[in-house]
Every structure is written in C-alpha cells, then in structure tokens.
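Tertiary structure, described
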Amino acid sequence: MSELIKESFEKTRLAGNIASRALDEVAKIAKPGISTNEIDKLCYEFINDNGAYSAPLFYRGFPKSCCTSANHVVCHGIPSDKILYEGDIVNVDVTAFKDGWHGDTSRTFEIGEISVKAKKLVRTTYEALMKAIEIVKEDIHLGDIGAVIQNHVEAEGFSVVQDFCGHGIGKSFHKEPNVLHYGKKGSGDKIKAGMIFTIEPMINLGNYETKTLKDGWTAVTKDKSLSAQFEHTIGVTKEGCEIFTLNKT
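Just so it is clear, the model here is predicted, and its values are computed rather than measured. (Residues numbered from 1 in each chain as written. Predicted model: local features only at pLDDT ≥ 70, side-chain atom pairs only at ≥ 80, totals over all residues. Heavy atoms only, no water.)

1. Comments concerning a nonpolar patch on the surface
- There is a patch of nonpolar side chains on the surface, built from Y53, F58 and F97 and spanning about 310 Å² of accessible area.
- Looking at where Y53 falls in the secondary structure, it is placed in strand β1 (residues 53-54). (Patch = residues over 30% accessible without salt bridge, like charges linked within 9 Å, V, L, I, M, F, W, Y side chains within 5 Å. Areas by Shrake-Rupley, 256 points an atom, 1.4 Å probe, with all protein chains shown as cover. Salt bridge = Lys/Arg side-chain N within 4 Å of Asp/Glu carboxyl O. Helix = DSSP H or I, 4+ residues; strand = E, 2+ residues; numbered from the N terminus.)

In structure tokens:
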C-alpha cells in the first residue's frame, strides 16, 4: 500500500470514527418524544467537540448538520421541530469533516416498538449493506455490489431506490465513482485497492419510485410506503475492505 493510500485511509478512519460515535450518541436519545432538531443539535455538538465539522451544514445550501429521514422519507430529510413517536423509524445521516477528509455514515433507528413489517425492512436493509461489503475487494465490478443488494432485498419482498446511490469520498464530500445499489453481476468498472467510497442502500417497503419535495432536498416514496437506509464509508484493499464507520455497538 502506497504512502498516499495509507494517509487517505488513516485520515478517513479518524473522520469515520467521529461520525460513527455521533450515531452511537443518537442511539441513546432516539426515543418517543424527541424532535429531529434535538438529534441535529446533538450531532453538531458531538462532531464539533471532537475537533471536526458537520459536512452537511451549508453544503449546497443544506441548512442543518445532519439528515433525519423519518418513515416514508427516503433521504435528505431536514431536521425540524417534528416529534418522533412510538412506531416511527428514522434514518440519521452524518458526515464528519476532519483534517481535510470526510467520514460518512447513517443508521435507521427504531423509535420504541415498531411494526413487524417495519422491523423486517430495517433488518433487511442492514443485511443488504453488510452482504455487499463482504464481497468488496480489488477487481470486483461495481455492478457486483448492486447485484448483491438487489438480490437480497427483492427476495425479501422489498424494492431498491434507484434515484440515489453511494459515492466516492475523501477530500471531496461526493466524487466518482457512483455506487448503484442495483445492477448486474459483472457490469460496471472494476474497483481498485485504495478507492474509498460509500455504500448506502435505501430500501422501500413498497415501490422504488421517489419524488423530491418543494424544499429541494426531502426525497420521499411516491406511494408513501416506509423507507430504510444504512451507510458505511469503506476503503478497498487487495483482499477485501476496511469499514471506516463501523458501529461500536
């Protein structure tokens, strides 16, 4: 591994650790009666207190420090005074910017007791992410990642959102390659050791189609069905990959 790649992994590991620990803190307060603004405040303060900056804040005009996407919101939900209630699910997406590098991760939290269908959706989404990460190593195709996710999700009766994808990350928040969460094995470019990117499947209980609301950010399911998401930032090695945003819990 070259010195340049070693440095990029080391810096991303630091940023990713802060982002992951921010979500560990969210897990402690993700209970009925909390507002998404309170989650945003916690993320901002935790990331700031650890010597990093919340990359979403003011990114392309985004007004908050994290994304909070509840129930039928697929991604890019804007924190507000909205209260979370028993039975809700909410994805919290955070990105820490530390020493010039980004670490990007998200988890879907269960608010109190949730329905059996919602629980299966959340579990399947997490499984799909981890199954995809398991196959990552140098010289697999980008399409292999999407195929693993799509096959697992559709076998469970859910659908994969196609309007959003994972992305390269490092000194830039978003860059090539685009990492689709659906596709055919053997399609797309081959990945190389040293690449850093996110895998972040968004999975719907109903149809895969989405629409973006008038605020220009909030993406929702067209059929108003539930949506779940999990995300990790990973670095590719010859034999596999390293997860820079692995949960501590």
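2. Some words on the pairing of strand β8 (residues 175-179)
- By the bridge criterion, three bridges tie strand β7 (residues 166-168) to β8 in an arrangement that is antiparallel. Bridge pairing links G168 to K175 in β8.
- Here β7 folds back onto β8 in antiparallel fashion, the turn holding six residues. (Pairing = 2+ DSSP bridges.)

3. A closer look at the packing of helix α1 (residues 3-29) against helix α2 (residues 36-49)
- Two elements in contact, α1 and α2, have axes separated by 9 Å at closest approach and are oriented at 145°. Once α1 is placed against α2, the crossing between them reads as right-handed. Contacts between α1 and α2 pair I18, R21, A22, E25, V26 and I29 from the former with E38, I39, L42, C43, F46 and I47 from the latter.
- Class assignment of the residues belonging to the contact of α1 with α2 gives a composition of nine nonpolar, no polar and three charged. (Axes fitted to C-alpha atoms, helices over the stretch in contact; angles between N-to-C directions. Left-handed = near helix turned anticlockwise from the far one by under 90°. Contact = heavy atoms within 4.5 Å. Nonpolar A, V, L, I, M, F, W, Y, C, P; charged D, E, K, R; others polar.)

4. Some points on α1
- For α1, which comprises 27 residues, the first-to-last C-alpha distance of 40 Å matches the rise-based estimate of 39 Å (1.5 Å per residue) to within 8%.
- Looking at the buried side of α1, the elements it contacts are α2, β4 (89-98), β5 (101-110), β9 (196-199), β14 (232-236) and β15 (241-243). (Expected span 1.5 Å × (residues − 1).)

5. Some words on the layout of surface pockets
- Computed from the structure, the largest pocket encloses a volume of approximately 480 Å³.
- Taken together, 21 residues line the largest pocket, and the ones lying closest to its centre are Y59, H76, H167, H174 and W217.
- Of all elements in the fold, only β4 and β7 reach the threshold of two or more residues within the lining of the largest pocket. (1 Å grid on protein atoms, 1.4 Å probe; cavity = no way out; pocket = protein on both sides within 12 Å on 5 of 7 lines; lining within 4 Å. Points joined across faces, edges and corners; volume = space filled by probe spheres on them.)

6. Section: the side chain of Q150
- Note that Q150 resides in helix α4 (residues 142-155).
- If we skip the residues at most four places from it in the chain, Q150 touches V160, H181, Y182 and G183.

7. Side note on the sheet that holds strand β11 (residues 210-212)
- Strand order in the open sheet formed by three strands is β3-β12-β11, and the pairing between neighbours is antiparallel. Since the sheet does not close on itself, it has two edges, and those belong to β3 (73-75) and β11, each with one partner. The sheet shows a mean angle of 40° between the axes of neighbouring strands, direction not considered.
- Judged from the two bridges that link them, β3 and strand β12 (residues 219-221) form a sheet pairing that is antiparallel.

8. Examining the environment of L84
- Relative to the helices and strands, L84 resides in the loop between β3 and β4.
- We classify L84 as buried; its relative accessible area is 0%.
- Other than its neighbours up to four places away in sequence, L84 contacts K31, P32, G33, I34, T36, I39, A70, V90 and I111. (Buried < 20%, exposed > 50% of the residue type's maximum accessible area, 1.4 Å probe, protein only.)

9. Topic: the pairing of β5
- When you tally the buried positions in β5, you get nine out of 10 residues, the bulk of the element.
- As judged from the 10 bridges shared by β4 and β5, these two strands associate in the antiparallel manner. What sits directly across from V92, in β5, is R107.
- Where β4 folds back on β5, the antiparallel hairpin that results is connected by two residues, among which D99 adopts a positive phi of roughly 50°.

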